[in-house]
Amino acid sequence: MTVVAGKAYWAKLDQAQNPFDESKPRWSLDVSLDANGVKAMKAQGLTIKDKQDDRGKFMTLYKDQFLRNGTELPKPRLMDSQKNDISGTIVGNGSDVRVSFTIREWKMNNKEGKRPVLKDVQVLKLVEYSPPDEFDVEEGYVGTSNDTTDSTSSTEDSDLEFD
């Protein structure tokens, strides 16, 4: 088991998903690495990416939700700095994390290599995710309530007969 520290980007840890192939859902995140992290990961034969964006030099780690035989795998544990379970927390870009993983060798179409398989994520400093807000507050209609319950009582309709 190997552990690497860095900043999380594009974390998909609550629900397995795969925008490239919906039939193969996976949990994933990109981890940006400092110079020591890059050196350590290269020493293990792993490929480091650099898309010239906020992530800098990074690795993509993922874990498939299902094995080829259909067996469902447990999702990665998500914990805070004190190892408390924080499942359901959306990890925002730039969060400081430690990520544990195993290394898997692969062969496909006359190519071979190694890739990290995501195991668990520890969040040391959470940057809360907030979806983009493309609207400004404007003058105009203001709703009175978010209550969407039906104002009629269910007992009023209880004496209706249906054939």
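No experiment lies behind these values; they were computed from the predicted model shown.

Trainee: Explain the pattern of salt bridges to me, and be specific about the residues and the numbers.
Mentor: With the rule as written, the count across this model stands at 8 salt bridges. Ionic pairing is found between D53 and R55, a salt bridge with its closest N-O pair at 2.5 Å. One salt bridge connects R77 with D120, and the closest N-O pair in it is separated by 3.1 Å. Linking R77 in strand β5 (residues 77-79) with D120 in strand β7 (residues 111-125), this pair joins segments that are 43 residues apart in sequence. For R77, a relative accessible area of 48% corresponds to the partly exposed category. The buried category is assigned to D120, whose relative accessible area is 8%.

Trainee: Residues and numbers for the layout of surface pockets, please.
Mentor: For the largest pocket, the calculated volume is near 1,500 Å³. Forming the walls of the largest pocket are 40 residues, and the residues nearest its centre are N18, R26, Y62, D64 and R115. Mapped onto the lining of the largest pocket, the elements with two or more residues apiece are β1 (2-12), β2 (26-32), β4 (57-64), β6 (95-108) and β7. What the second largest pocket holds in volume is close to 310 Å³. Looking at the second largest pocket, it is lined by 14 residues, and the ones nearest its centre are A11, K12, I90, V91 and Y129.

Trainee: Can you lay out the packing of aromatic side chains for me, pointing to particular residues and giving the numbers?
Mentor: Taken as a whole and assessed by the stated rule, the structure comprises 0 aromatic pairs. Residue placement shows R55 over the ring face of F58; its charged tip is 4.1 Å from the ring centre. The ring of Y62 has R115 sitting right over it, with the charged end atom 3.9 Å from the ring centre.

Trainee: How would you summarise the side chain of D30 if you had to cite specific residues and measurements?
Mentor: Checked against the element boundaries, D30 lands in strand β2. Relative accessible area serves as the criterion here: at 7%, D30 is assigned to the buried category. Only 2.6 Å separates the side chain of D30 from the side chain of R55, close enough to count as a polar contact. For D30, the contacting residues outside a window of four places in its chain are K7, A8, Y9, W10, R55, F58, M59 and T60.

Trainee: Give me the lowdown on unusual backbone geometry, citing residues and values where you can.
Mentor: Of note, the phi angle at W10 is positive, near 55°, even though the residue is not glycine. Secondary-structure assignment places W10 in strand β1. Phi is positive for Q52, close to 60°, though the residue is something other than glycine. The residue Q52 is located in the loop between β3 (49-50) and β4 in this model. Overall, the relative accessible area of 69% leaves Q52 in the exposed class.

Trainee: Pulling in residues and values, what's your account of a negative patch on the surface?
Mentor: Taken together, the side chains of D133, E134, D136, E138 and E139 define an acidic patch exposed on the protein surface. Mapped onto the fold, D133 is located in the segment after β7.

Trainee: Describe in detail the pairing of β2, supporting the description with residues and values.
Mentor: Extensive coverage of β2 is indicated by the burial of 7 of its 7 residues. Burial along β2 is two-sided: the residues R26, S28, D30 and S32 and W27, L29 and V31 are all buried. Bridging between β1 and β2 involves 4 bridges; their strand directions are antiparallel. Its bridge partner lying in β2, K12 is registered against S28.

Calculation notes
Residues numbered from 1 in each chain as written. Predicted model: local features only at pLDDT ≥ 70, side-chain atom pairs only at ≥ 80, totals over all residues. Heavy atoms only, no water. Salt bridge = Lys/Arg side-chain N within 4 Å of Asp/Glu carboxyl O. Helix = DSSP H or I, 4+ residues; strand = E, 2+ residues; numbered from the N terminus. Buried < 20%, exposed > 50% of the residue type's maximum accessible area, 1.4 Å probe, protein only. 1 Å grid on protein atoms, 1.4 Å probe; cavity = no way out; pocket = protein on both sides within 12 Å on 5 of 7 lines; lining within 4 Å. Points joined across faces, edges and corners; volume = space filled by probe spheres on them. Phe/Tyr/Trp six-rings, centres within 6.5 Å; stacked < 30°, edge-to-face > 60°. Lys NZ or Arg CZ within 6 Å of the ring centre and 35° of its normal. Polar contact = N/O pair within 3.5 Å; in protein donor to acceptor, adjacent residues only side chain to side chain. Contact = heavy atoms within 4.5 Å. Patch = residues over 30% accessible without salt bridge, like charges linked within 9 Å, V, L, I, M, F, W, Y side chains within 5 Å. Areas by Shrake-Rupley, 256 points an atom, 1.4 Å probe, with all protein chains shown as cover. Lys, Arg positive; Asp, Glu negative; His and termini not counted. Charge placed at Lys NZ, Arg CZ, Asp CG, Glu CD. Pairing = 2+ DSSP bridges.

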